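Fold and geometry: a report
Chain by chain, the residues run as shown.
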Amino acid sequence: MTGTLTIAGLGPGSDALVTPEVSAALGSATDILGYAPYVARVPPRPGLTLHPSDNREELARASEALRLAAEGGQVVVVSSGDPGVFAMASAVFEALEQAPQYRELPIRVLPGITAMLAAAARAGAPLGHDFCAINLSDNLKPWALIEKRLRLAAEADFAIALYNPRSASRPEGFGRALAVLKDAGCGERLVIFARAISASDETLETVTLNAARPEMADMRTLVIVGNSQTRRVGRWIYAPRQVR
C-alpha cells in the first residue's frame, strides 16, 4: 500500500491553535474527510479533494478514508479539537477492526488542542487537579450510563468537563445533567460556560451550579464543573494543586 491515513485534530477554532504537524499533513494531503463544518476550515487547492459529510456518518467516513488510502491517497480525516477525544480516531479504528485487509496501512494520529484545554486556559486553571471528561450525548450510549458517571464523578470530587451539552435534538439532556449534579450536592460549585473559544464570537461565563440554566449552553459550548475546592482569584478560576 502506497497511501497513508492521518487522523488530525484542528484544535478549537483558531488557525493559530492548529499544530505545525497538522498543518504539514493538511498541506500534503490529496483527500480530506470530515464533518462538513470542519472540512470547510481547510482551504481548497489544486490536487486536493474535500469530502464533507454529515455529523452522524463517522463509520462510513472512516471506511471511505481507509479505502482511499489503500488506493494510494494521502488521506487526512479531520476532527475539531483532538481526534482522540470523542472524535474520529476511535471511529477509524472501529472501521479498521471490521476491515482486516487494511491493517497494514500506515496510520498516524496527530493530536490537537481539545475544547476542555482551550476553555480551561481562558478561564485560568480549573483543571489543575484531578478531572474527568463526560460526553453528554446519548446517541452512542444510554442516558442511564451518563447519569451514573455524573454521580460517581461528583462523589469522587473530580472537576468535570462536559462535552456536547445541549443540541436542538437533545434540548432536555443538559438540564437533567445539572439536576443530577445538584442532587449530588454540587450546587455551590463553580461552573464555567466556554462557548466558541478562540473564535471571534467566543464567550466565557462563570456561575455557581445553582445559578446555571440549561439555555446557557449549546453544541458550541464546553462546560467545566469545578471540584469542591475550585475558587476565584480576581477574574480567574483555578483548582488548587493541594487537596486537604
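What counts, and at which threshold
- Residues numbered from 1 in each chain as written.
- Predicted model: local features only at pLDDT ≥ 70, side-chain atom pairs only at ≥ 80, totals over all residues.
- Heavy atoms only, no water.
- Disulfide = S-S within 2.5 Å.
- Phe/Tyr/Trp six-rings, centres within 6.5 Å; stacked < 30°, edge-to-face > 60°.
- Helix = DSSP H or I, 4+ residues; strand = E, 2+ residues; numbered from the N terminus.
- Buried < 20%, exposed > 50% of the residue type's maximum accessible area, 1.4 Å probe, protein only.
- Pairing = 2+ DSSP bridges.
- Core = buried A, V, L, I, M, F, W, Y, C linked by side-chain atoms within 4.5 Å.
- Contact = heavy atoms within 4.5 Å.

**What to know about the state of the cysteines**
As enumerated under the stated definition, the model contains 0 disulfides in all. Free cysteine: Cys132, not disulfide-bonded; nearest cysteine sulfur from Cys186 at 11 Å.

**So, the packing of aromatic side chains**
Under the definition given, this model contains 3 aromatic pairs. Both rings, one in Phe174 and one in Phe193, keep their centres 6.1 Å apart while their planes meet at 85 degrees; by these two values the pair is edge-to-face. Taken together, the residues Phe174 in helix H7 (residues 173-183) and Phe193 in strand S9 (residues 190-195) connect sequence positions 19 residues apart. Since its relative accessible area comes to 0%, Phe174 is described here as buried. Take Phe193: its relative accessible area is 3%, and that puts it in the buried class.

**Description of the sheet that holds strand S12 (residues 231-233)**
Paired through their backbone hydrogen bonds, the strands of a sheet run either parallel or antiparallel. Spatial strand order, S6-S13-S12: 3 strands in an open sheet with mixed pairing. Here the strands that pair on one side only, and so sit at the sheet edges, are strand S6 (124-125) and S12. Taken together, the 2 bridges between S6 and strand S13 (residues 236-238) define a ladder with parallel strand orientation. When the bridges of S13 are listed, Ala125 appears paired with Tyr238.

**Here's the deal with the nonpolar core**
With 25 residues, the main nonpolar core has Leu150, Leu162 and Phe193 as its most contacted residues. In this structure, Leu162 is in contact with Ile134, Leu136, Leu150, Phe174, Thr221, Leu222, Val223 and Val225, ignoring residues within four places of it in sequence. Leu33, Ala65, Val77 and Ala91 belong to the second largest nonpolar core, which has 19 residues in total.

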